[in-house]
Amino acid sequence: MIFLGSTGPLMAQRKIINGTIQDSHSEEMIPFASINFKNTSIGKLSDSAGNFSFTLSRWPSDTLEVTCVGYQPFQYIINKKKDSIFVNINMERGTFNDSAQVKVRVNKGLLVWRKIVQHKPENDRYRFTNFSYELYNKLELDLKHINFEKFGNFKPLRPVTELINQNIDTAEGLKYLPTYLSETLSDYYYQKSPKRRREIIKAANTNGVKNESVIKLLGGMDQVVNVYNNFIVVFDKEFVSPISDNGDIYYNYRVVDTQVINNKRFFHLVFTPKHQGSNTFEGDCWVHVGSFAIQKMNLRLGKEANVNFLENLSLIQEYKMINDSTWFLAKDKFVADVSPAGKSKPGLIGRKTTTYRNVVVNDTSVENELSKNKILEEVITLPGASKKDKAFWTMARHEPLSKSETGIIKMIDTLSTARVFQNFTKTMTFIGTGYRDEGNLEIGPWMNWVTSNGWEGFRLRFDLGTNKYFNKKVRLHGYLAYGFGDKKWKGMAEAFYLPKKNPRTYLYGSFTNDLDFGQNYYGEVTEDNVFALAVRKHNIPIKNIKVNEKRFEFFREMTPWMSNQLTITHTSTIPLRNLPPIDSFKVLGSGDPLTSFEVSLKIRFAYLEKFLETNFYRSSLGSDYPIGEITISHGFPGIFKSSYKYTKISATISDYFKIPPFGSISYFVFGGKTFGTLPYTLLDIAPGNELYYYNTYAFNMMNRWEFIHDQYVGINIEHNFGNGIFRLLPKLRFRQLWTAKALWGGLSPANKALNFKQGNSFQTLDGKTYLELGTGIDNIFHVFRLDFVWRVSPATLKKIGDKTFGIFGSFRLTF
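Not measured: the values here are computed from a predicted model.

Trainee: What is the right way to read the overall build of the protein chain from this model?
Mentor: Looking only at helices and strands, one finds 11 helices and 44 strands in the protein chain. The buried share of the protein chain, reckoned over its 815 residues, is 49%. In the protein chain, 63% of the contacts between residues at least 6 apart in sequence involve partners at least 24 apart. Per element, the accessible surface of the protein chain, about 39,500 Å² overall, is 58% carbon and sulfur.

As structure tokens, then:
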């Protein structure tokens, strides 16, 4: 893209051309680019800020040539009739391997890299005992490759097309639609030992998003990129830093230039990957001679990187001296060009810019502020942070908004009040999530409306609930379902009351009278789902059981890392098909068989767990530490015709962590024991899977209701290698994984005598090991995953369906 302007013939006898040179993708200025008049000896380098200027007695040539390592050569045709020209040159990405490779006895680039690694302990900002700074974060999202003629012909959006066209930004000959802009201003504090972090968000301009959990995520606590680390995280994947301690295994290094900036000498170091398909960058950096500190680092990823939907990525970090000898981070910028449908198709460009001011290191003021922390990390949003006016932001921003960014704010304000656009977003939300708001009510999820099973036949279900417009603290929801085979109505009604969000406290009550459709985990397919019709395993008897349950929950977050949940349930079950019938379990006294009254207490330990919250509910974003749960339950007989006295104790622990460069590992360990003689409905039923859709949390070669236990322990492990063996075929972008799931369990003689009767298909492990091993291919067409699972042991136990190997599919949308 060229911006051309003429200032007029200020001095007719002189010819003046000046301008700037910048990266077309990151929009960062390019220092020390070579600028020459074609076929002449007249030329110079752009300065350290990417600016250049020529003052001449005549035009030496009609073409200006611009070259720079890592970029495609650029030619600008000069209009000789003009005496003064300003030009803004956008350089397209090229390769860092253009220059001829000359064999030398000593590789200067490798020597510079070794010096950088040697001096990392003296230059990494985390060497300080403590530090603080004011942080300004700006996030912009733009839609690209939008056909605005067709866009305007789309009837629901026709009234707002004119407004959208007024906010189009044109770059690289393509049209962009600015869609979102957020800003945050905060004070950040860090202490090395004991490690503590604190962020105080002073102001947030989220342009329509009024969600405090989102505001906290837009701060600086979770956006720390440090090029001095051995690995740099990009879209949850670990890439080897070019200044990693083992960088010479992954990169080639060259010194292509040496320049003096403000009386300081700098090497221009270029690095390229040694192996295609590895998790590495290409790019360059400027290195201060003497301290070997990084002054500026430019990192790139292209289409060949094993990151889904990525066209281009630029990551830039700049450092400045805060005193005579200390370099500290001054700015970082992250630009990602995402194209889910492929090149030249509609996609998204995200730009995040962060600047750092008022840096303080090794100061008691930082200690004093961090002493206020109750836990290791705290993010505090000050009252009124999201209500700052335009005058405040004009003064507080570290850098002014561009014309395009100002247009985004104007457009969002207008679109948010346009009725046709609101209806369009409602429809897209309904298709994507299954839910739709209509006034004070919420409809959905639509994927549960139509299904079929062997007991009910064709089944219809309709859900209706309230939303935040009805009441911001109370949510009511229910559904009715009808089976045309059994000609029976089923349903559920629930109420949720959230008096406090911090510390989180809620009350919940529900009544359910429906079939049991199995374990319901987030992101997994259950049998009460339209998609389950096509993926059920063949030749496995379908088990149906009806559940009548009344439930009450009281939840309270005791500390930021521990919560308690008290649950009271009254449950009656009626086996319907292929399970021991209710008359097999006679009871003494006035109680009903298969009816229980239970009180349980669950204690959850999750240190520094992060959440994304909606008005009523929240989703865990995980923690850097293992998450544990302990549940204690007790059954009381004689209450509302309950018949069983028992005690249950169970515990789980789970974690997810990266082991770069060898991918990531997740594990889930669980165990429990039941004290009492009980029917199978109240014992532990090992989670089986009767669908060909892979279930992360179940044993996929085990059937539902196959194994029952009153004491058990198990573990699930998954190791995702990343490329793995598919590194040899980088164009496929496949990823390799393996899984292992093991279970040990047993059943007391009394529980065996009660449940193991002639005709029953139950089994128990009796101390034997149930083991499933699997391997898989992930990222097929970016979204599909295939798992190959073997049921390894115990071989002596019978298996309904008589198969010990299975192939399962699933959809996993990840970068």
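That was the structure; now back to the text.
Trainee: Just to check I follow, could you spell out the pairing of strand β5 (residues 51-56) for this structure?
Mentor: Regular strands place side chains that alternate from one sheet face to the opposite one. In β5, alternate side chains face the same way, and those of F52, F54 and L56 are buried while those of N51, S53 and T55 on the opposite face are not. Examined bridge by bridge, strand β2 (residues 15-23) and β5 share 6 bridges and lie antiparallel to one another. Bridged to G19 within β5 is F52.

Trainee: It is not clear to me how the packing of aromatic side chains should be interpreted in this structure. Could you clarify?
Mentor: Here the distance between the centres and the angle between the planes together describe a pair of aromatic rings. Enumeration according to the criterion identifies 45 aromatic pairs in this entry. Between the aromatic rings of F597 and F640, the centroid separation amounts to 6.4 Å while the plane-to-plane angle is 50 degrees, which identifies the pairing as tilted. In this pair, F597 is assigned in strand β32 (residues 595-606) and F640 in the loop between β35 (627-635) and β36 (646-658), connecting sequence segments 43 residues apart. The class of F597 is buried, set by a relative accessible area of 14%. Here F640 falls in the exposed class, since its relative accessible area comes to 63%. Centroid distance Y607 to Y625: 5.3 Å. Interplanar angle 70 degrees. Geometry classified as edge-to-face. Of this pair, Y607 sits in the loop between β32 and β33 (610-613) while Y625 sits in the loop between β34 (618-622) and β35; the two residues are 18 residues apart in sequence, bridging distant segments of the chain. Look at Y607 and you get partly exposed, because its relative accessible area is 27%. In this structure Y625 comes out as partly exposed when scored by relative accessible area, which is 34%. Put simply, the rings of Y126, F128, F131, Y133, Y188, Y190, F328 and Y356 pair up and form one aromatic cluster. A cation over a ring is seen here: K44 above F54, with NZ or CZ 4.9 Å from the ring centre.

Trainee: What is the right way to read unusual backbone geometry from this model?
Mentor: The general pattern is negative phi for most residues beyond glycine and trans for most peptide bonds. Between S193 and P194 the backbone carries a cis peptide bond, its omega angle lying at -10 degrees. Tracing the chain through its elements places P194 in the loop between β11 (174-191) and β12 (196-205). With an omega of 5 degrees, the peptide bond between P660 and P661 qualifies as cis. Examined against the element boundaries, P661 turns out to sit in the loop between β36 and β37 (664-675). Although it is not a glycine, L594 adopts a positive phi angle of roughly 55 degrees. Relative to the helices and strands, L594 resides in the loop between β31 (562-577) and β32. The backbone of R733 sits at a positive phi, close to 65 degrees, despite the residue not being glycine. R733 gets classed as buried once you look at its relative accessible area, which sits at 16%.

Conventions adopted
Residues numbered from 1 in each chain as written. Predicted model: local features only at pLDDT ≥ 70, side-chain atom pairs only at ≥ 80, totals over all residues. Heavy atoms only, no water. Helix = DSSP H or I, 4+ residues; strand = E, 2+ residues; numbered from the N terminus. Buried < 20%, exposed > 50% of the residue type's maximum accessible area, 1.4 Å probe, protein only. Contact = heavy atoms within 4.5 Å. Areas by Shrake-Rupley, 256 points an atom, 1.4 Å probe, with all protein chains shown as cover. Pairing = 2+ DSSP bridges. Phe/Tyr/Trp six-rings, centres within 6.5 Å; stacked < 30°, edge-to-face > 60°. Lys NZ or Arg CZ within 6 Å of the ring centre and 35° of its normal.

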